[in-house]
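Structural overview
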Amino acid sequence: MADRNRPGDAGDPADDEVFDEAVEDDNDATDADEPVGRGGTALAERSAKPKKEVRRTGFFGRIGGFFREVVSELRKVIWPTRKELLTYTTIVIVFVAVMTTIVGLLDLGLGKAILWAFGG
């Protein structure tokens, strides 16, 4: 019974060497080279890219830049053909008409039920 290792007792020195090597391997794997993404921990900075220099422009320069960006984004849009546009418009109009009819009939029916229930 005295031969067993208890917490706090000096164990086999070979165990300590294995443990030390395992700790060194873990330290090598968690260097700052790779960001660690575990819930709630901060990621290491990925790279030290220099940020673009922000040019200070006046009020009208910023408005002009905004419109230039809007035009460049609109050029990226895939616009529907005339046939697609008419098809989508027809679908929307039919859907709105059907939903309006359903809501109108429910309103009429519930209104009549309330009047009947309260003797109106």
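Residues numbered from 1 in each chain as written. Predicted model: local features only at pLDDT ≥ 70, side-chain atom pairs only at ≥ 80, totals over all residues. Heavy atoms only, no water.

Within an unreviewed UniProt entry, the label attached to the protein chain reads Protein translocase subunit SecE, and the organism entered is Paractinoplanes bogorensis. Regarding the protein chain, the relevant UniProt record gives this comment under Function (unreviewed entry): "Essential subunit of the Sec protein translocation channel SecYEG. Clamps together the 2 halves of SecY. May contact the channel plug during translocation." The heading Subunit (unreviewed entry) in the UniProt record of the protein chain holds the text "Component of the Sec protein translocase complex. Heterotrimer consisting of SecY, SecE and SecG subunits. The heterotrimers can form oligomers, although 1 heterotrimer is thought to be able to translocate proteins. Interacts with the ribosome. Interacts with SecDF, and other proteins may be involved. Interacts with SecA." (UniProt positions renumbered as here; feature names shortened; annotations may be inferred.)

Right, let's talk about the overall build of the protein chain for a bit. Each helix and strand counted, the protein chain has 3 helices and 0 strands in total. Counted from the first residue to the last, the protein chain has its helices and strands arranged as α-α-α. Counting over 120 residues, the protein chain shows a buried share of 1%. A total of about 12100 Å² of accessible surface is found on the protein chain, and carbon and sulfur atoms cover 62% of it. (Helix = DSSP H or I, 4+ residues; strand = E, 2+ residues; numbered from the N terminus. Buried < 20%, exposed > 50% of the residue type's maximum accessible area, 1.4 Å probe, protein only. Areas by Shrake-Rupley, 256 points an atom, 1.4 Å probe, with all protein chains shown as cover.)

The next point concerns the packing of aromatic side chains. On inspection of all chains with the given rule, the structure shows 2 aromatic pairs. Geometrically, the ring pair formed by Phe59 and Phe60 is edge-to-face, given 5.4 Å between the ring centres and 75 degrees between the ring planes. A relative accessible area of 71% means that Phe60 is categorised as exposed. Summarising the aromatic geometry, the rings of Phe66 and Phe67 are spaced 5.4 Å apart at their centres and angled 70 degrees between planes, so their arrangement reads as edge-to-face. (Phe/Tyr/Trp six-rings, centres within 6.5 Å; stacked < 30°, edge-to-face > 60°.)

Attention now moves to the UniProt feature "transmembrane region" (unreviewed entry) in the protein chain. The positions UniProt marks with the feature "transmembrane region" (unreviewed entry) are residues 85-106. Taken as a whole, residues 85-106 contains 100% helix and 0% strand, while its terminal C-alpha atoms sit 32 Å from one another.

Counted according to the given criterion, the structure contains 1 salt bridge. Salt-bridge contacts for Glu73 lead to Lys76; the nearest nitrogen and oxygen are separated by 3.2 Å. Of the two residues, Glu73 and Lys76 are both situated in helix H2 (residues 59-76); the distance of 3 residues between them amounts to about one turn of the helix. For Glu73, a relative accessible area of 45% corresponds to the partly exposed category. (Salt bridge = Lys/Arg side-chain N within 4 Å of Asp/Glu carboxyl O.)

On the surface, Val92, Val94, Phe95, Val96, Val98, Met99, Ile102, Leu106 and Leu110 cluster together into a nonpolar patch covering about 830 Å² of accessible area. Mapped onto the secondary structure, Phe95 falls in helix H3 (residues 82-117). Overall, the relative accessible area of 54% leaves Phe95 in the exposed class. (Patch = residues over 30% accessible without salt bridge, like charges linked within 9 Å, V, L, I, M, F, W, Y side chains within 5 Å.)

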